[in-house]
Amino acid sequence: MSKQVDSLNKKIPVVTMRAKATIGSILTVIIVLYIGSAIFTEAYPDEIIKGMPIVIDFIVKDLFPPNLGYADTVLTSLIETWNMAFLSTTLSAIVALPISFLAAANINKNKAFYKAFRFFLNILRTIPELILAVILVAIVGIGALAGVLALFIFSVGILAKLISETIEAIDPNPLEAIRATGGNIVQVIWYGVLPQIMPHFTSYSLYVLEINVRASVVLGFVGAGGIGLILKKQLAMFNFDNVSTIVIMTFIAVTIIDFISNRVRERLM
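Structural notes, computed from the coordinates. (Residues numbered from 1 in each chain as written. Predicted model: local features only at pLDDT ≥ 70, side-chain atom pairs only at ≥ 80, totals over all residues. Heavy atoms only, no water.)

**Examining the overall build of the chain**
Stage number 1. Scanning the chain for helices and strands turns up 11 helices and zero strands.
Stage number 2. Moving toward the C terminus, one meets the helices and strands of the chain in the order α-α-α-α-α-α-α-α-α-α-α.
Stage number 3. For 269 residues, the compact-globule estimate of 2.2 N^0.38 gives 18 Å, and the chain exceeds it by more than 25% at 26 Å.
Stage number 4. Expressed along its principal axes, the backbone C-alpha trace of the chain runs to roughly 80 × 65 × 35 Å.
Stage number 5. Taken over 269 residues, the chain has a buried fraction of 35%.
Stage number 6. Just so you have it, the chain exposes about 16800 Å², and 72% of that area is on carbon and sulfur atoms.
Stage number 7. Here the chain contributes 20 positive and 17 negative side-chain charges, whose respective centroids are spaced 14 Å apart. (Helix = DSSP H or I, 4+ residues; strand = E, 2+ residues; numbered from the N terminus. Rg over C-alpha atoms; globule rule 2.2 N^0.38 Å. Buried < 20%, exposed > 50% of the residue type's maximum accessible area, 1.4 Å probe, protein only. Areas by Shrake-Rupley, 256 points an atom, 1.4 Å probe, with all protein chains shown as cover. Lys, Arg positive; Asp, Glu negative; His and termini not counted. Charge placed at Lys NZ, Arg CZ, Asp CG, Glu CD.)

**Description of the nonpolar core**
Stage number 1. In terms of nonpolar packing, the biggest core is built from 37 residues, with Leu97, Phe101, Ile107, Ile163, Ile167, Val193 and Ile197 touching the most fellow members.
Stage number 2. For this core, the elements supplying multiple residues, two or more each, are helix 4 (71-102), helix 5 (111-126), helix 6 (129-140), helix 7 (144-168), helix 8 (173-180) and helix 9 (185-219).
Stage number 3. With 10 residues, helix 7 is the largest single contributor of residues to this core.
Stage number 4. Those residues in contact with Ile163, other than ones at most four positions away along the chain, are Leu97, Ser100, Ile197, Phe201 and Tyr204.
Stage number 5. Ranked by size, the runner-up nonpolar core spans 12 residues in total, among them Tyr70, Val74, Ile227 and Leu231. (Core = buried A, V, L, I, M, F, W, Y, C linked by side-chain atoms within 4.5 Å. Contact = heavy atoms within 4.5 Å.)

**A short note on the packing of aromatic side chains**
Stage number 1. For the coordinates displayed, the defined rule picks out two aromatic pairs.
Stage number 2. Arranged with centres 5.5 Å apart and planes meeting at 25°, the rings of Trp82 and Phe86 form a pair that is stacked. Here Trp82 and its partner Phe86 are both found in helix 4, four residues apart, which amounts to about one turn of the helix.
Stage number 3. Looking at Trp82, the relative accessible area reads 32%, which means it is partly exposed.
Stage number 4. Plain terms: the ring middles of Phe238 and Phe240 are 6.0 Å apart, the flat faces sit at 70° to each other, and that makes the pair edge-to-face. (Phe/Tyr/Trp six-rings, centres within 6.5 Å; stacked < 30°, edge-to-face > 60°.)

Here is the structure:
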């Protein structure tokens, strides 16, 4: 009887010794990798601390006060940046939707075509938008067109990947019911797939729009138009009061866009 009581009173560990050893080994490897990366790149915390007074001095003495008279020029470039992001996102959403059906295993039953489209999407996501912008600037010249094309290509890869995975996770019962009644592939997609994925599709498109607004700022540094183009020019001429105006107005614009996009996505989801 006492043995039974002792066995009942014995505590059962929440985490087994084997799990503890595995977690400990993983954490050790991660810590070693972090230390090795810091040593290899010479990214030591004390260097950041030493550089903080220089950063503060630059912000106080060079960036402020901003040149408010430059705001009209910044606003024009911000509108161009928004148009680049909006146009590239809209076009990529239109193109990515049909591609996503071909990249979904539960819709595209042909394994060869399925793997081919998945491989194609992997290639699109592998190439950074900055590299695409450099290539396209060389092809079409400096300006917003190169930025729109770069963001479009990159966004197609992201959107098609996200949507195809959403399609593969939908409820298969409506699809089977439509097929059982003699429905073709178009009817299966229209009546079985689209009603289930449209909230996710809209949410992902808005998320990609946020990404493209930020990315279009960076693309301007390689001549792909938008706010980044004038930011690069003002930095090269050491007009830091104009740079301050650009940074502040860009921050405000991106914050407003993110706020509106997040609210819309919350309502959809």
